[in-house]
Structure formats: C-alpha cells, structure tokens
2 protein chains.
Amino acid sequence: MPRPQSLSDERLVDSLAAAFRLSGYEGTSLAELASSAGLAKAALYHRFPGGKAEMAEAVEAALGDEFAARVIAPLTTTAAASERLRQMADGMMSFYAEGRHACLVEIFSIAATPEPVRERLRAGVARWIAALAKSLSDAGFDETEAGRRAEDTVIRVQGALVVSRALGERRPFTELVENLPEQLLAPPAVDRNHRSSGERQ
Amino acid sequence: MPRPQSLSDERLVDSLAAAFRLSGYEGTSLAELASSAGLAKAALYHRFPGGKAEMAEAVEAALGDEFAARVIAPLTTTAAASERLRQMADGMMSFYAEGRHACLVEIFSIAATPEPVRERLRAGVARWIAALAKSLSDAGFDETEAGRRAEDTVIRVQGALVVSRALGERRPFTELVENLPEQLLAPPAVDRNHRSSGERQ
DNA sequence: GTCTATATTTGGATAGAC
DNA sequence: GTCTATCCAAATATAGAC
C-alpha cells in the first residue's frame, strides 16, 4: 500500500492521474478511471480496495514524488543559484506540460475531495514553499525576503495554471515560468515611492 | 430567464453560489443545492427548468454582476489612479470574503463543468484583465507594461485564493490584496542585472 | 489479476397534490 | 410555488467465474 512497485503500476497511476486532473475528484467517475486505465472497474478495485479515495491518494503520492524529483530536487544541488532556479523552471515546465496539466493543488483542494487527500496536499504546498525559501536564502536573500518570494512564486504558478486553463492558452503559464529564474534573483524592489528612472543603491 | 428579479431570488442564487463554490459543479448534488437553498428539489426545478446547468449559469451571472460592481466599477471612476486601485482592492477583499470564498474561475474552469458556463468564464477573465490594463494605462504605463501587470495581477489573485484554500489560511490572500495597489503603481523593475550577493551580468 | 454480471446507493429530474 | 413521492440513469462497489 505505501506505493506500487512494478512498472505497469506506475503507468496505471499515471492514467488515473490524467483522469483526475481533467475533471477533479467528484467529476471523475469510476467508469472514466477504468477506461482511462484500460481496465475493468473490478480490476481497479483489486489494486485499490479503498476505492476511488485510495486511487486519489495513490495519484497524489505518485505526482508528489514526481514533483519532488523534477522541481524540488534541482533546488538542492550544489550548482549556482541561478542554475538551480533555471533547472527548477525546466522541471516545472515539463511537469505541468507547458501549462496543459492542471495541478492537483487546485483540483483537489476543494471540499468535494476526501480529507486525507487534502491534508497531504497542504503539507506538500508547505514543503514546496519551504524548499524554495531555503534556496533563495542560500542565494543571499534574508529569511523574510526569501519566504516572501517563495510564497509569491507558488501563488503565481498556481494562478498562472488557473488562468491558462480558463483562457485556454498556454502562454500565461509558459511566460511566467520562463521569467521566473530571473525575477526570483532580481534585486529587491525600491520600496520608497519615486518615479521610474532615478534608482538608488 | 435573463435573470431573477425578486429579492428572494437573489438570496436563492446566493445560497446556490455558496454550495457550488464549496464543492464545484460535479461535487455539488441537487440535494445539497436544495438544502442550501432551503427548498425542495422540485421547487428548484420550477425556478430553473434547465436543472443544475441552469443553476450554475445563474450563479455565474449573479457573481459576475457582483464582481463587476464591487471590483471592476471602482476602476472606471474619475478618482486618482492610486485611489481607484485601493477601492478595487477593498472590493476584492469583500467579494472573496478575505480569501474564504473560492473564485468561480478556479472552481468552474475544469472539464467537469458544462461548456456554456466555462465559455462565459473565459470572457469574464478577459474583461477583468482588460479593465485592469485600461486603468494602469491611464495611470501612465505604456500598453505593454499595463497589460503585463494586469494579467499578472489576475494570476496572483487566483493563485493566492488557491494557496489560501490549500493551506487553510487567509493570510496569503489578504497580504496580497493589501499590497496590490502599491505594487501595481511601483516603478518598473530595474532590468539591468546587478548583485544581491554575487551575481554577474 | 482480470473479466462479466450484478447489487446498492445516490444523483438528476418529473408527476401531481396542495 | 412548494411540497411528497417517484422514476430512471449513473455512480460506487462487490460476487464469482476464468
């Protein structure tokens, strides 16, 4: 139960993930899950005795692992900060399929999703923000600024996925991700009010 | 059919909105809608012969009107730009109930929602971005920069609502909205690279 | 482990009385 | 306009053969 081990199980969970991502927890029927997986409903229940809820948890665990490997892990290497952020951006771009894939955070965070799933989601978001903050702190920002930028980044990624989906265009997401590494390392905004050309220190 | 006229109808639609916002389109059953409205299912069908889909459209139309009045309208007054943005932020804060209310854009933009509903959503998001861009353009930004900031703002609001909901905290949303007016009018970022610790061109 | 077939419950939607 | 009662389809879940 911790997680599937065979290769075919990974493919299976990917199929379930695709279905859930598209229509959410309640919006995805067992018939759709079965058809997406290429299995009969009874076969799904053999692998996931806990039914739909257990399938959602397996999907969440698998995508969480994949996200950790593709997006978080690059942040923890010994490369230069700008290089780490660039690799994180690359990982995000492929993980979300250039904005075509919804994030489970948006999809599974509503009340229609079983509590255990939402609880793990909460922890995952917190870890994501923490990892980013750590990386920005290493890059020279003080704790406060690093935390602020980390949370703002997660917010923007989620928002860009929503807007891209709502508009039916990948651009809002791809544009955001492409600019992320540069924006994240940009010097703090000049906080006093003054007009746009005369910068100081 | 265009829209309900009596006062009690407005309350009714608000109840339906609360239910849909909580669990999404597929996640909200007619039993829940009826109980939320304090009516029997058959009574709902009397008001909305088109069933659940028509209820969702009515909710969308009503919330769209409310959003236009509370968030968009303040942008079109003759007040100073900073004042208009402050009023928009106030409107957003109350419209989203300090982050406790989900936005229909996140909730209704997935495939499980009927196409007509999603189509109008798309138009609404586009109008929102356009109105903001117009306002920023009036404030002195060139078209490109105004459009960029407008889209980024909508992205951030959507993302902050998602993150707030996922974490179960209002702060990410409230913090964002409080800082919005100032950030929106801040001078463009210094685009030349320069170190925060040891960066290079 | 996977299938077909079926049980059981819930969901969306109507009929018809008041 | 709202109710109770009911229909029908779909959804979740299980039984049992292979």
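Before reading further, recall that the structure is shown in the block above.
Numbers given for residues are sequential positions, taken from 1 along each chain in its written order. Working convention: letters from A go to chains and numbers from 1 go to ligands, in the order in which they are written. Local features in this predicted model are restricted to residues whose pLDDT is 70 or higher, and side-chain atom pairs enter the listing and the counts only when it is 80 or higher, whereas totals over whole chains, interfaces and linings include all residues. Water and hydrogen atoms were dropped before computing side-chain values, which therefore reflect all heavy atoms in the structure.

Draft legend 1. How the structure looks around the relation of the copies chain A and chain B. For the pair chain A and chain B, the superposition axis carries a translation of 0.0 Å, the fit reaches an RMSD of 0.1 Å, and the rotation angle comes to 180°. Both copies are brought into coincidence by an operation consistent with a two-fold rotation axis. In this assembly the copies share their binding face: 87% of the residues contributing to the interface of chain A also contribute to that of chain B. In superposing the copies, a least-squares fit is computed on C-alpha atoms, taking residues whose pLDDT is at least 70 in both. In what follows, a contact means two residues having at least one pair of non-hydrogen atoms within 4.5 Å.

Draft legend 2. Structural detail: the protein's contact with DNA strand C. The immediate surroundings of DNA strand C are formed by 14 residues, with A:Ala40, A:Ala42, B:Leu30, B:Tyr45 and B:Lys52 found nearest. Among atoms of DNA strand C positioned within 4 Å of the protein, sugar and phosphate together represent 56%. Between N or O atoms, a polar contact is any pair within 3.5 Å; within protein, one atom must be a potential hydrogen donor and the other a potential acceptor, and residues adjacent in sequence are included only when both atoms are from side chains. Note that a phosphate oxygen of DNA strand C is positioned 2.4 Å from one of the backbone N or O atoms of B:Leu30. Contacts to DNA strand C include B:Lys52, whose side-chain N or O atom sits 2.6 Å from a phosphate oxygen. Of all the secondary structure elements, the ones that give two or more residues to the surface near DNA strand C are α3 (41-47) of chain A together with α3 (41-47) and α4 (51-72) of chain B. With four residues, α3(A) is the largest single contributor of residues to the surface near DNA strand C. Across the surface near DNA strand C, the residue classes break down as seven nonpolar, four polar and three charged. The near set for a molecule or strand comprises every residue that places at least one heavy atom within 4 Å of it. We count a stretch as a helix when DSSP gives it H or I for four or more residues in a row; a strand needs E for two or more, and each element gets its number in order from the N terminus. Residues are sorted three ways: Asp, Glu, Lys and Arg are charged, Ala, Val, Leu, Ile, Met, Phe, Trp, Tyr, Cys and Pro are nonpolar, and all the rest, Gly among them, are polar.

Draft legend 3. Focus on the environment of B:Ala111. Checked against the element boundaries, B:Ala111 lands in the loop between α6 (104-108) and α7 (115-138). For B:Ala111 and B:Tyr25, which are 86 residues apart along the polypeptide, the C-alpha to C-alpha distance reads 9.9 Å. Excluding residues within four positions of it along the chain, B:Ala111 makes contact with A:Leu22, A:Ser23 and B:Arg118.

Draft legend 4. Structural context of the protein's contact with DNA strand D. Around DNA strand D there are 14 residues in total, and A:Leu30, A:Tyr45, A:Lys52, B:Ala40 and B:Ala42 lie nearest to it. Taking A:Leu30, its main chain carries an N or O atom lying 2.6 Å from a phosphate oxygen of DNA strand D. Of all the secondary-structure elements, those providing two or more residues to the surface near DNA strand D are α3 and α4 (51-72) of chain A together with α3 of chain B. Per-element tally for the surface near DNA strand D: the top contributor is α3(B), with four residues. For the surface near DNA strand D, the per-class residue count stands at seven nonpolar, four polar and three charged.

Draft legend 5. Quick peek at unusual backbone geometry. Although it is not a glycine, A:Ala97 adopts a positive phi angle of roughly 50°. Summary of the burial criterion: residues with accessible area below 20% of their type's maximum are buried, those above 50% are exposed, and those between are partly exposed, where the area comes from a 1.4 Å probe applied to protein chains only. Residue A:Ala97 is classed as buried on the basis of its relative accessible area, which comes to 10%.

Draft legend 6. Structural view of helix α5 (residues 81-95) of chain A. Residues and elements named next belong to chain A. Look at α5: 21 Å from first C-alpha to last across 15 residues, which is about the 21 Å you get at 1.5 Å a residue. Every buried residue belonging to α5 is among Ala81, Arg84, Leu85, Met88, Ala89, Gly91, Met92, Met93 and Phe95, and all of these are buried. Tucked into the core, α5 has its buried residues touching α4, α7 (115-138), α8 (143-167) and α9 (171-185). Alanine 97 sits one or two residues past α5 and shows a positive phi near 50°. An expected span of 1.5 Å times one less than the residue number is assigned to each helix.

Draft legend 7. Main features of the interface of chain A and chain B. Facing 46 residues of chain A, the contacting portion of chain B comprises 43 residues. Two parts lose some accessible area (1.4 Å probe) when they are put together, and adding that loss for both gives the buried area. Both sides of the chain A and chain B interface together cover about 3,500 Å² of buried area, and 62% of this is carbon and sulfur. Here a salt bridge means any side-chain nitrogen of Lys or Arg lying within 4 Å of a carboxyl oxygen belonging to Asp or Glu. At the junction of chain A and chain B, the tally comes to four salt bridges. Across the pair A:Glu151 and B:Arg171 runs a salt bridge whose closest N-O atoms are separated by 2.8 Å. When residues of the side of chain A that touches chain B are traced back to their parent elements, those giving at least two are α1 (7-27), α6 (104-108), α7, α8 and α9 of chain A. The element that contributes the greatest number of residues to the side of chain A that touches chain B is α8(A), accounting for 14 residues. Partitioning the side of chain A that touches chain B into residue classes produces 21 nonpolar, eleven polar and 14 charged.

Draft legend 8. Broad picture of the nonpolar core. Within this scheme, the nonpolar core is defined by two criteria: the residues are buried Ala, Val, Leu, Ile, Met, Phe, Trp, Tyr or Cys, and they are joined through side-chain atoms within 4.5 Å. In terms of nonpolar packing, the biggest core is built from 127 residues, with A:Tyr96 and B:Tyr96 touching the most fellow members. Sequence-distant contacts of A:Tyr96, defined by excluding residues within four places in its chain, comprise A:Phe67, A:His101, A:Ala102, A:Cys103, A:Trp128, A:Val157, A:Gln158, A:Leu161 and A:Phe173.

Draft legend 9. Seen up close, the state of the cysteines. A pair of sulfur atoms, both from cysteines and within 2.5 Å, is called a disulfide here. Taken as a whole and judged by the stated rule, the model has zero disulfides over all chains. With no disulfide of its own, A:Cys103 lies 17 Å from the sulfur of B:Cys103, the closest cysteine sulfur. Residue classification places B:Cys103 among the buried residues on the basis of a relative accessible area of 7%.

Draft legend 10. Geometry of α9(A). Taking 1.5 Å as the rise per residue, α9(A) with 15 residues should run 21 Å; its terminal C-alpha atoms sit 22 Å apart, in good agreement. Taken together, the buried positions of α9(A) are occupied by A:Pro172, A:Phe173, A:Thr174, A:Leu176, A:Val177, A:Leu180, A:Pro181, A:Leu184 and A:Leu185. Turning to α9(A), the residues buried within the fold contact α5, α7 and α8 of chain A together with α8 (143-167) of chain B.

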